[in-house]
Amino acid sequence: MVDHCADGKEGFLNALDNDYDVMVFDRMLPGLDGLTLIKSVRGAGVETPILFLSAMDGINDRVDGLQAGSDDYLVKPFSFHELSARLNALTRRPPLKTEETVLRVADLEMNLIRRTLMRGDTPIDLQPREFSLLEYLMRNADRVLTRTMLLEAVWDFHFDPKTNVVETHISRLRNKIDKPFATELIHTIRGSGYSLHMGKVLKLSRIFRSTSVRLSLRFALLYSVVTALVFVMAYQMADYEITKWIEEQLLEEETAYTHLYQEKGLEAVVAQLSGLGDFNFEDHRIFLLQDVKGAHLAGNIARINGSGASGYLDAASIEVTGPDENESPGYILRNISLGAHTLILGTSTYFVTELLEGLGGGLLIGFAIVLLVGAGAGVAVGRRTEHRLVQISTTLQDVAKGNLEARVPLKSGTADDLTQLSAEINKTIGHLQNMVESQNQISADIAHDLRTPMQRLRQRLEAIGQSPDLPQLQATAVYEAIDAADDLIETFHALLRISQIEAGARRENFCQVDLVSVLARIEDAYGAVAEEKGQSLTFTAVPPPVTISGDRQLLTQMMANVVENALRHCAGDAQIQVGLEVHNATITFVVCDNGPGIPAEEKEKVLRRFYRLEKSRTTSGNGLGLSLVKAVADLHDAKLSLTDGNPGLTVSIVFTAPPKGSL
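Treat the numbers as computed from the prediction; the structure is a model and nothing was measured.

1. A word on the environment of Leu364
Among the secondary structure elements, Leu364 is positioned in helix α11 (residues 350–400). Given the relative accessible area of 61%, Leu364 is considered exposed. Residues Leu364 and Val232 lie 132 residues apart in sequence; the distance between their C-alpha atoms is 9.5 Å.

2. Some points on the pattern of salt bridges
Under the defined criterion, the tally for this structure stands at 13 salt bridges. When the shortest N-O distance is used, the salt bridge between Arg568 and Glu564 registers 3.4 Å. Taken together, the residues span about one helical turn, with Arg568 and Glu564 both in helix α15 (residues 552–569) at a distance of 4 residues. One salt bridge connects Asp644 with Lys603, and the closest N-O pair in it is separated by 2.8 Å. Of the two residues, Asp644 is situated in strand β22 (residues 639–644) and Lys603 in the loop between β21 (586–593) and α16 (625–635); the sequence distance between them amounts to 41 residues. Here Asp644 falls in the partly exposed class, since its relative accessible area comes to 43%. Overall, Lys603 belongs to the buried group, its relative accessible area being 13%. Via salt bridges that share partners, Asp107, Arg119 and Asp178 belong to a single interconnected network.

3. A word on unusual backbone geometry
Following Asn646, the chain continues to Pro647 via a peptide bond in cis, the omega torsion being 0°. Within the secondary structure, Pro647 is located in the loop between β22 and β23 (649–656). The backbone phi angle of Arg115 is positive, close to 60°, even though this residue is not glycine. A residue is classified by how much of its surface remains accessible, and Arg115, at 44% relative accessible area, is partly exposed. A positive phi is found at Asp142, a non-glycine position, where the angle reads about 70°. The topology assignment puts Asp142 in the loop between α5 (128–139) and α6 (147–155). Here Asp142 falls in the exposed class, since its relative accessible area comes to 61%.

4. Let's talk about the side chain of His636
Inspection of the secondary structure assignment puts His636 in the loop between α16 and β22. Here the side chain of His636 touches Asp551 through a polar contact of 3.0 Å, landing on its backbone nitrogen. A distance of 2.8 Å separates a polar atom in the side chain of His636 from the backbone oxygen of Val632.

5. Section: the pairing of strand β1 (residues 23–26)
For β1 and strand β2 (residues 50–54), the ladder comprises 4 bridges, and the chain directions are parallel. By the bridge assignment, Met23 is partnered in β2 with Ile50. Chirality of the crossover, the property in question, places the unit of β1, helix α2 (residues 34–43) and β2 among those that are right-handed.

6. Thoughts on the packing of helix α1 (residues 8–17) against α2
Axis separation between α1 and α2 bottoms out at 10 Å; the angle between their running directions is 20°. Taken as axis vectors, α1 and α2 run roughly parallel relative to one another. The way α1 lies across α2 gives a crossing that is right-handed. Of the residues in α2, those in contact with Gly8, Gly11, Phe12 and Ala15 of α1 are Leu37, Ser40 and Val41.

7. A look at the environment of Leu297
Here Leu297 is to be found in strand β11 (residues 296–299). Measuring from C-alpha to C-alpha, the distance between Leu297 and Leu343 comes to 9.8 Å, with 46 residues separating the pair along the chain.

8. Considering the sheet that holds β2
Pairing between the strands of a sheet comes from backbone hydrogen bonds, and it takes one of two forms, parallel or antiparallel. Taken in spatial order, the 3 strands line up as β1-β2-β3 in an open sheet, and their pairing is parallel. Only two strands of the sheet have a single neighbouring strand rather than two, namely β1 and β3 (72–75). Averaged over all pairs of adjacent strands, the angle between their axes in this sheet comes to 25°, without regard to strand direction. Contacts from α2 reach β1 and β2, with the element oriented near 170° to β2.

9. A closer look at the sheet that holds strand β4 (residues 102–105)
Taken in spatial order, the 4 strands of this open sheet run β4-β5-β6-β7, and their pairing is antiparallel. Two strands lie at the open edges of the sheet, namely β4 and β7 (122–124), each paired on one side alone. On average, each strand axis in the sheet is inclined to that of its neighbour by 20°, with strand direction left out of account. Sheet contacts for α5: β4, β5 (108–111) and β6 (116–119); angle to β5, the most-contacted strand, approximately 115°.

10. Section: the pairing of β11
Pairing of strand β10 (residues 285–290) with β11, which is carried by 3 bridges, proceeds in the antiparallel orientation. Note that in β11 the partner of Gln290 across the bridge is His296. Count of turn residues in the β10/β11 antiparallel hairpin: 5 residues, of which Gly294 carries a positive phi of about 90°.

11. Overview of the packing of aromatic side chains
The geometry of an aromatic ring pair is captured by the separation of the ring centres together with the interplanar angle, meaning the angle of the planes. Scanning all chains against the criterion turns up 1 aromatic pair. Taken together, a centroid distance of 5.7 Å and an interplanar angle of 80° make the contact between Phe52 and Tyr73 edge-to-face. Taken as a pair, Phe52 in strand β2 and Tyr73 in strand β3 lie far apart in primary sequence, 21 residues in all. For the pair shown, Phe52 and Tyr73 are each scored as buried.

12. Description of the environment of Arg388
Structurally, the position occupied by Arg388 is in helix α11. The class for Arg388 is buried, based on a relative accessible area of 14%. Taking the C-alpha atoms as reference points, Arg388 and Leu418, 30 residues apart in sequence, are found 7.7 Å from one another. The residues contacting Arg388, other than those within four sequence positions of it, are Lys411, Asp416, Leu418 and Thr419.

Calculation rules
- Residues numbered from 1 in each chain as written.
- Predicted model: local features only at pLDDT ≥ 70, side-chain atom pairs only at ≥ 80, totals over all residues.
- Heavy atoms only, no water.
- Helix = DSSP H or I, 4+ residues; strand = E, 2+ residues; numbered from the N terminus.
- Buried < 20%, exposed > 50% of the residue type's maximum accessible area, 1.4 Å probe, protein only.
- Salt bridge = Lys/Arg side-chain N within 4 Å of Asp/Glu carboxyl O.
- Polar contact = N/O pair within 3.5 Å; in protein donor to acceptor, adjacent residues only side chain to side chain.
- Pairing = 2+ DSSP bridges.
- Right-handed = clockwise from strand over helix to strand, strands pointing away.
- Axes fitted to C-alpha atoms, helices over the stretch in contact; angles between N-to-C directions.
- Parallel < 35°, antiparallel > 145°, perpendicular 65-115°, else oblique.
- Left-handed = near helix turned anticlockwise from the far one by under 90°.
- Contact = heavy atoms within 4.5 Å.
- Phe/Tyr/Trp six-rings, centres within 6.5 Å; stacked < 30°, edge-to-face > 60°.

Shown next as structure tokens:
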């Protein structure tokens, strides 16, 4: 029974839903190309044998297909009998299963054979259960693992114990693999579980450099200042109203004593004042009756050191007659004239002061709360906005690196300006993706569709050229035509390779590559070529290893293209220097020559596809060499620069050096 699928996406779904004995994938499939399809199927855990069909017969093409996950590679055109034999051979193979022996997440490395753990250069000792827990977290890195999942996988508990078993072991793991280091790996996902991944270190200075946080804090500060002004006004208003109330009370008493004196005389006033002393709490009220000479006639104070005029008087200016129980800072006085006599009444400001102190303290506490809550809310709102802006920025960076599948996460249930902006960005990326995919597909289809006929044409020309009856002149022309066909086939191959690189299809094949060993291979290959042309080709490199994460084949081809470009465009006595330089944070591959160089206005243009300085195109080449170099550099996040060598040209490719101890 055979199932046929019209495109790669349908094939992927069928591969997941069915248990086949063998699968046959074509390389150029619509919807999802063959290489990506194989990687997706293998990534999903499907181990069914795969035979890969393609018209691309280069060594690198075969290696790419096999490394992607295929079990066999058959080049078109082929014999049906050979296809049948290969399928039968695949079905006879026993399934192979590989077991990981080393787990890596960021700079954390676990060796399952030796039962060792390293973070960077630091060894870490774990208890057996801690080791099992961390192993499960590392095998499921970047995934959220619930408490139930951890209990079942690590402890084989299919119930929920009422103790914090998971939390305790997670805490111990954090003490060993997180706290001694700058970046945390174990993260608590609130309400969900735990996840092991490289987190971003968000320093306090970076928080306050955020525009959203700064704006939020400014508004919080403005609100706090306005609140402080309101509190000050409330305090002053309370002081004014209470003081006014006391003064009005004293004014009413003045009216009452004046009326009493006029109707009943001085003796009635003295009697009234004598009765007030029995109801005076801690000298809250003071009263003093004096004759015309200032002698004491009645009252609870002996005298007043001063004029005793209406208004505020400090308590230190008053002499009491009995024990001094006065705690008041001062009194508000009212001076009353009763004929030739003077009556002074006063009310203590003690309760006013206490009331205002309580009110002021409450207002200060309220202001502090408003300030803290405002600042906290500002930082929280700013952080949330900053998080969404980081998501937008990260998505745009991914798109710039060639990942056109990246999208800005949209927050459901909201329609604010950032959500609308994110939706517009996603819409724009979608249009860009369609345009790029369409352009790449057209280029790939043209290259693929023309390459197969060119290969057949080459085979026929080769057969004609080997005919013994062919005259020498015609045989020479045939072999020249074969060379031209080879150039066309190589051009199509370069186009397909650039399309794959720009689509990011090769990033999954990254491994640790020693650039010194790659440079040694290039020196071995091109040293003789330079010697034959009379050119001086010298190599200088640092001691190995100098490793980066990348695709070894692409890095080799990139370096070779730059060296070959110098050999091709320089004269016979040219001097070409190739070097590898390592600094603190960068690794630089440099090729310098004293050839004709490239005009300043042409340096950006030579990186385009098919662009050549020599407009007549009479020399060999297809104008894709530096385009491929740029595509490989971009894939590895490296910076390519062309500068004047005065004379000649200097080509520099700067890689970011991996952190010490990282893998």
